[in-house]
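# Coordinate inspection notes
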Amino acid sequence: KHLSQVVPLVMRLLNDEHARVRWAAINCLGQLATDLGPLLQQQFHQEVMPALTLAMSGEREPVLRVRAHSAAASINFCEHADAELLKPYLQPLLLQLASLMQTGHRKATQQAVTSVAAIALAIGSVFEPYYHEFMPRLTQVLTLPPDQVGGKMRGKTLECISLVGVAVGPDIFREDAKRTMELIVNQMQVLNTSADDPQINYMHQACGRICRALKKEFVPYLPALVPALLHAARAKTDMKLVDDEAEDEDFEGMETVQVGEHVMGIKTSALEEKATACHMLVVYLEELEDGFFPYLESVGAELKPLLTFWYHEDVRSSAMSAMPLMCRSAAAFVRNNKADVSIVQQVLGFTFPALVQTLILEPEVPMQAQCARALGRCVVEVQSAVNGASLSSEQLCEATKALKQILNDSDERLIAIVGGDGYDDEEDEQDEEDSRNVEDEEAIEAEEDLLEQIIYTVGKLLETQGEIFYLGLDEILEWFFSKFEQSAHVTQKRLAMAMLDDVMEAMAKFPGAGDRYVASFMPHMLLSAMSVDMELRQAALFGIGLCAQNGGAGFAPYRTEALQTLMHVMSQQDARDKYKESGTDNAASSLGKIAQYQPHPSSDRVGQGLPEELFSSWLKYLPLTSDIQESTVVNKQLSELVERNHAALLGPNNVNLPRIMHIFAEVLETEMVEDETTQRIQTILRAAQAGAAAQLEQSCSGISAEGVAKLQRAIAGTSLTPAAAAAAAAPALAAGPAESR
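Criteria and cut-off values
Residues numbered from 1 in each chain as written. Predicted model: local features only at pLDDT ≥ 70, side-chain atom pairs only at ≥ 80, totals over all residues. Heavy atoms only, no water. 1 Å grid on protein atoms, 1.4 Å probe; cavity = no way out; pocket = protein on both sides within 12 Å on 5 of 7 lines; lining within 4 Å. Points joined across faces, edges and corners; volume = space filled by probe spheres on them. Helix = DSSP H or I, 4+ residues; strand = E, 2+ residues; numbered from the N terminus. Salt bridge = Lys/Arg side-chain N within 4 Å of Asp/Glu carboxyl O. Buried < 20%, exposed > 50% of the residue type's maximum accessible area, 1.4 Å probe, protein only. Phe/Tyr/Trp six-rings, centres within 6.5 Å; stacked < 30°, edge-to-face > 60°. Lys NZ or Arg CZ within 6 Å of the ring centre and 35° of its normal. Expected span 1.5 Å × (residues − 1). Core = buried A, V, L, I, M, F, W, Y, C linked by side-chain atoms within 4.5 Å. Contact = heavy atoms within 4.5 Å.

## Thoughts on the layout of surface pockets
Counted as a void, the largest pocket has a volume near 730 Å³. Around the largest pocket, the lining comprises 27 residues; the ones closest to its centre are Glu-505, Phe-542, Asn-586, Gln-629 and Glu-630. Of all the secondary-structure elements, those providing two or more residues to the lining of the largest pocket are helix H20 (438-465), helix H22 (490-506), helix H24 (534-550), helix H26 (581-597) and helix H28 (628-643). Among the elements that make up the lining of the largest pocket, the one with the highest residue count is H28 (7 residues).

Rendered as structure tokens:
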């Protein structure tokens, strides 16, 4: 709140007669830009950026150290600024950085190069006009003899070249990228640099960025790069056992790691080299897909043992990330080359069991979460090449056992943190949060993330494997059902409901299979729909609609109670209050699903949930304005029903058409409709204008002038994007309400 007083005070000190004071003022601005960004950038860019640029000028600032420090402060500023904010200052700023690069002073030049890299990262393609000014200067540095340019300077230059290249894109960067890669490859072969050389990490990171820019054009460089990475990945780690008699100097340059009951000292540089090599293999797998296929066997052989490399989490993380990417690479190879699908099955048979075993052995909860998600991603990645189930019943059985074990272990850890009593309302939750320390909060968040990743993987196994996973799913669901008990932690209840929602959502792929689960899901959903916990309540209300949509005949016994629950939620006085509106939106969404997919009540009497009554109540609530994601789904549903002339929705003599037109006018040109829905609404409006113009005009009476204009633009095919509509509305809002006439 004191920023408006502090910044001018610091700015005045930029003109102090003492260089150390000017340096300190620049340092303060840089720290403020980091600690108070993006607020400082938004409020003071007009003052700070010109001042920093001026402080880099040799004409204004005689001390090179101060000029270089101003370049460093510009990095802090750019970290929390976007291209639009920086654009007015780019030309003078980059001019001063170019001048600083030519001073001949190594540290000043290095700082200027680093600043150019940071600016390119911040502004992306906006850097294009300046590309040909800087790229020749940068590539020239790489051609200088090593004794003229230090390893750190060469590394920073490589970093800058690659970041600038990614910013401007492959069309502009292509030729310079290839020349840079040739220099990197030659340097790796000729210099025989060691792991301690500062250039090594910069070279690898630059190769990764250039790979992202060139994509498949990068493949020819792999034979020169991959062998060295595999060598670094398999290299044995230099380690010593730490005991009471060990001297400190014996472990210089080493990091201590707890392994079981022992403490080991491990050479840090070797660990980092292994971690970097594994990371780069993942980058190439991700970017090149089938272009990396020839290396899958050798890479898999090196990375599989590293899934349990207990000495470095980054190494294990890269190994886990590589497994589904190997599946993607194999699937792309089979798809693009019409190769035998058994190749994909072979790779999946290698990666999936390895991850299942790792999941059981992994001691760290965040790493368990990553491993669990990697399992789900493996089966997703192969679907483009494999139709139907890709895993055997034995593999699914082993995965089910592992997931159940992880769920039970998580349960025990959570009970150890919060106790076994649990809580079931927001007040109790707040009391618990107030009494817990930061470590406990982080531990609970880690357990929550683990459960979320397990839910993701269970859902993907169901989607991809179908009925052969039903038995395993039933076993896993038993654990989640137990979390609806009073003693369960509220986080577990929320995630248990999310699991039920995911399962029922997946049933859309298996018509007729959903009724298998409705009877066990609906009681929990109906009860939780009345919970005082808003997240649990929203998930339950959403799930009721999924059961109606995908539950088939199994939903019929619950239809009446479901409607009573939804109508009760939507009719509450505070239904549209901030904390309840998202849940109420989901209740309305579910009401629409029942009206469409479960239209038949137990009797034809009014008040028993006739589809005409349900659609009328549904339309009165629309549009959904809190849960935007669900709003897009509902608006798509509405437009599809109107396009099909759904009798129950339109009502007798199209009585609901005026309300529908009001909804269309409200949601068009907003984030509440996707492009496909916008196009469908355009088709509806054009057909109505052509066939029943008078009725359309009458239906639009009472709509605001802005709404009518949106409908007219839709008919003309000139609807604005949400961003353009918001920008057009901004000046009007800023000007305030117009005078009444």
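## As for the pattern of salt bridges
Here the structure, examined in full by the defined rule, presents 30 salt bridges. One salt bridge connects Arg-174 with Glu-217, and the closest N-O pair in it is separated by 2.8 Å. On the criterion of sequence distance, the pair formed by Arg-174 in helix H10 (residues 170-191) and Glu-217 in the loop between helix H11 (199-214) and helix H12 (222-234) is long-range, its members being 43 residues apart. Taking relative accessible area as the criterion, Glu-217 reaches 31% and is therefore assigned partly exposed. Close ionic contact of Lys-580 with Asp-574 constitutes a salt bridge, the shortest N to O distance being 3.0 Å. Given a relative accessible area of 27%, Asp-574 falls into the partly exposed group. Residues joined by salt bridges that share partners form a network here, namely Asp-171, Arg-174, Lys-178 and Glu-217.

## Some points on unusual backbone geometry
Between Gly-37 and Pro-38 the backbone carries a cis peptide bond, its omega angle lying at 5°. Residues Leu-622 and Pro-623 are joined by a peptide bond in cis, for which omega reads 5°. Structurally, the position occupied by Pro-623 is in the loop between helix H27 (611-621) and H28. Phi is positive for Lys-338, which is not a glycine, with a value near 50°. Along the chain, Lys-338 falls in the loop between helix H15 (313-337) and helix H16 (342-361). In this structure Lys-338 comes out as exposed when scored by relative accessible area, which is 75%. We note that Asn-654 has phi near 55°; this positive angle belongs to a residue other than glycine. Among the residues examined, Asn-654 registers a relative accessible area of 30% and is labelled partly exposed.

## Looking at the packing of aromatic side chains
The full count for this structure, using the stated rule, is 12 aromatic pairs. In textbook terms, an aromatic cluster arises when at least three aromatic residues are bridged by ring pairs, as seen for Tyr-470, Phe-481, Tyr-517 and Phe-521. The cationic tip of Lys-483 hangs over the ring face of Trp-479; the distance from NZ or CZ to the ring centre is 4.7 Å. Between the NZ or CZ atom of Arg-576 and the centre of the ring of Tyr-621, over which it lies, the distance is 3.7 Å.

## Things to note about H20
For H20, with 28 residues, the first-to-last C-alpha span of 40 Å sits near the 40 Å given by 1.5 Å per residue. Backbone geometry just downstream of H20 places Gly-466 in the positive-phi region, at approximately 65°.

## Description of the nonpolar core
Counting 232 residues, the largest nonpolar core has Phe-218, Tyr-284 and Phe-292 as the members making the most contacts within it. Excluding residues that lie within four positions of it along the chain, Phe-292 makes contacts with Leu-222, Val-226, Leu-281, Tyr-284, Leu-285, Val-299 and Ser-329.

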